[in-house]
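Letter by letter, the chains look like this.
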Amino acid sequence: MVWQCRNFRLSFGLRPLILGILNVTPDSFSDGGQFPDPGAAVERGLRMISEGSDILDIGGESTRPGATPVPLDEELRRVVPVVRELAKYTAIPLSIDTMKAEVARQALDVGAAIVNDVSGLRRDLAMPGVCADSGAGAIVMHMQGDPQTMHLDPAYDDVVNTVGDYFAERIRTLTEAGIPLESLCLDPGIGFGKRTVHNLSLLARLGEFQRFNRPVCLGVSRKRFYGDLCGRETHDRLAGSLAVASFAVAAGAAQLLRVHDIPAHRDAAVLWEAIRSAAP
């Protein structure tokens, strides 16, 4: 399995790739406001690379439940200078986390290679064309509703089948729009329009999505349902994040991990790889 992201051709071996989260926002649920200007964000991004990030995911609009949408000009102001500067100093792929095609286009113009769209390239009808024309890799996430409404009353007959049907439709639609299958990555959207029971069902059956023969990106870092199950506040959820990521990787069900805590997840990835290499 490979993932083609412009001039990057990423392959997946015994360990998952680490997708480091760099939020240039005042209101993200976990790290909002920590990097209020481009200089601080670039410094943090370079530190994340030194800590072991394989990819940096840069976002300028919070997608936490109930988040207020960010105007286009403001989102551009937040992220484009950061992508431009990081592209000068690193050789790893940069991802732009956005639902806006113009933000994606400008970020790709200054060095990004991946578009991470939590709407699954549905919110902005120009987004599939931007990805197809640029050759960008695309992370296609499932979300019931949108960040303003997704937490209100999520309901499913069978969440795993619903997400699987969604992936099948998205793959068909996006490849017809000109995005090569090799450029697509799938994300089940843990916590996005899902209750705790839905998140647990998706994690327990995550391996079913391997039938699409596309890498699965798992974003379970510091998720809210850890608080429901373990009573932990956002800043104290590293153990839960590692436990869930370890479960998914051990099952062969996730190829990328989108995380805040780079060193801990990198160490875990190295150990997974060492153990698997020692297997007869």
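**Digging into the side chain of Arg-78**
So, point 1. Relative to the helices and strands, Arg-78 is located in helix 2 (residues 72–89).
So, point 2. Residue Arg-78 is classed as buried on the basis of its relative accessible area, which comes to 13%.
So, point 3. For Arg-78, the side chain forms a polar contact with the side chain of Glu-74, separated by 2.9 Å.
So, point 4. Sequence-distant contacts of Arg-78, that is, excluding residues within four places in its chain, are made with Val-24, Thr-25, Pro-26, Gly-60 and Val-70.

**Some thoughts on the packing of aromatic side chains**
Describing an aromatic ring pair means giving the distance of the ring centres and the angle of the ring planes.
So, point 1. Per the stated rule, a full pass over the model turns up four aromatic pairs.
So, point 2. Aromatic pair Phe-167 and Phe-209: ring centres 5.3 Å apart, planes at 85 degrees, arrangement edge-to-face. Taken together, the positions of Phe-167 in helix 5 (residues 159–176) and Phe-209 in the loop between helix 6 (196–204) and strand 9 (217–218) put the pair 42 residues apart, joining distant regions of the chain. Each member of the pair, Phe-167 together with Phe-209, is buried.
So, point 3. For the ring pair Phe-167 and Phe-212, a centre distance of 6.1 Å and an interplane angle of 85 degrees mean the geometry is edge-to-face. Residue Phe-167 is located in helix 5, and its partner Phe-212 is located in the loop between helix 6 and strand 9; the two are separated by 45 residues in the primary sequence.
So, point 4. For Phe-167, a relative accessible area of 0% corresponds to the buried category.
So, point 5. Owing to a relative accessible area of 15%, Phe-212 belongs among the buried residues under this scheme.
So, point 6. Taken together, the aromatic side chains of Tyr-166, Phe-167, Phe-209 and Phe-212 make up a single cluster linked through ring pairs.

**What about the nonpolar core?**
So, point 1. One finds Ile-58, Phe-209, Leu-218 and Leu-257 to be the most contacted residues of the largest nonpolar core, which totals 65 residues.
So, point 2. It is helix 5 that provides the largest number of residues to this core, a total of seven residues.
So, point 3. Ignoring any residue separated from it by four or fewer positions in sequence, one finds Leu-257 in contact with Pro-16, Leu-17, Ile-18, Leu-19, Leu-218, Ala-245, Val-249 and Trp-272.
So, point 4. Among the nonpolar cores identified, the runner-up in size contains 14 residues, and Trp-3, Leu-10, Ile-55 and Ile-114 belong to it.

**Let's talk about the pattern of salt bridges**
So, point 1. Evaluated as defined, the whole model comprises 19 salt bridges.
So, point 2. Salt-bridge contacts for Glu-51 lead to Arg-44; the nearest nitrogen and oxygen are separated by 3.6 Å.
So, point 3. Residue Glu-51 is classed as partly exposed on the basis of its relative accessible area of 24%.
So, point 4. Between Arg-232 and Asp-236 there is a salt bridge, with its nearest N and O atoms 3.0 Å apart.
So, point 5. Look at the salt bridges and you will find they share partners, linking Arg-15, Asp-54 and Arg-266 into a network.

**Observations regarding the sheet that holds strand 8 (residues 184–187)**
So, point 1. Read across the open sheet, the eight strands follow the order 8-7-6-5-4-3-10-9; overall the sheet is parallel. The sheet is open, and its two borders are formed by strand 8 and strand 9, each paired with just one other strand.
So, point 2. The pairing of strand 4 (residues 55–59) with strand 5 (residues 94–97) spans four bridges and is parallel. By the bridge assignment, Gly-59 is partnered in strand 5 with Asp-97.
So, point 3. Helix 1 (residues 38–51) contacts strand 3 (17–23) and strand 4 of the sheet and is inclined by roughly 165 degrees relative to strand 3.

**Regarding the packing of helix 8 (residues 238–250) against helix 9 (residues 262–278)**
So, point 1. Following both chains from N to C, one finds helix 8 and helix 9 inclined at 30 degrees, their axes separated by 11 Å at the closest point. Of the possible angle classes, the one that applies to helix 8 and helix 9 is roughly parallel. Note that helix 8 runs across helix 9; the crossing there is right-handed. Each of Leu-238, Ser-241, Leu-242, Ala-245, Ser-246, Val-249 and Ala-250 in helix 8 lies in contact with helix 9, whose residues at this interface are Ala-264, His-265, Ala-268, Trp-272 and Arg-276.
So, point 2. Broken down by class, the residue content of the contact of helix 8 with helix 9 amounts to eight nonpolar, three polar and one charged.

Reading guide: rules and limits
Counting of residues starts from 1 at the beginning of each chain's written sequence and follows it residue by residue. The predicted nature of this model means local features are confined to residues of pLDDT at least 70 and side-chain atom pairs, given and counted, to a pLDDT of 80 or more, with totals for whole chains, interfaces and linings taken over all residues. Only heavy atoms go into the side-chain values, all of them from the structure, while hydrogens and water stay out. Helix numbers and strand numbers start at the N terminus; a helix is a DSSP run of H or I with at least 4 residues, a strand a run of E with at least 2. Accessibility here uses a 1.4 Å probe with only protein chains present; expressed as a share of the type maximum, an area under 20% marks a residue as buried, one over 50% as exposed, and anything in between as partly exposed. Under the rule applied, a polar contact is a pair of N or O atoms within 3.5 Å (in protein, one hydrogen donor and one hydrogen acceptor; residues adjacent in sequence only if both atoms are side-chain atoms). In this description, contact between two residues means that some pair of their heavy atoms is separated by no more than 4.5 Å. Pairing of aromatic side chains requires ring centres within 6.5 Å, counting the rings of Phe and Tyr and the six-membered ring of Trp. Pairs whose planes differ by under 30 degrees are stacked, by over 60 edge-to-face, and all others tilted. Put simply, buried Ala, Val, Leu, Ile, Met, Phe, Trp, Tyr and Cys residues joined by side-chain atoms within 4.5 Å make one nonpolar core. When a carboxyl oxygen of Asp or Glu is within 4 Å of a side-chain nitrogen of Lys or Arg, the pair counts as a salt bridge. Between any two strands, pairing holds if DSSP finds at least two bridges. Here an axis means a line fitted to C-alpha atoms, over the contact stretch when the element is a helix, while the angle between two N-to-C directions is reported on a 0 to 180 degree scale. Between 65 and 115 degrees an angle is taken as roughly perpendicular, under 35 as roughly parallel, over 145 as roughly antiparallel, and anywhere else as oblique. Note: crossing handedness is left-handed where the near helix turns anticlockwise from the far helix by less than a right angle, and right-handed where it turns clockwise. Think of it as three bins: nonpolar holds Ala, Val, Leu, Ile, Met, Phe, Trp, Tyr, Cys and Pro, charged holds Asp, Glu, Lys and Arg, and polar takes everything else, Gly as well.

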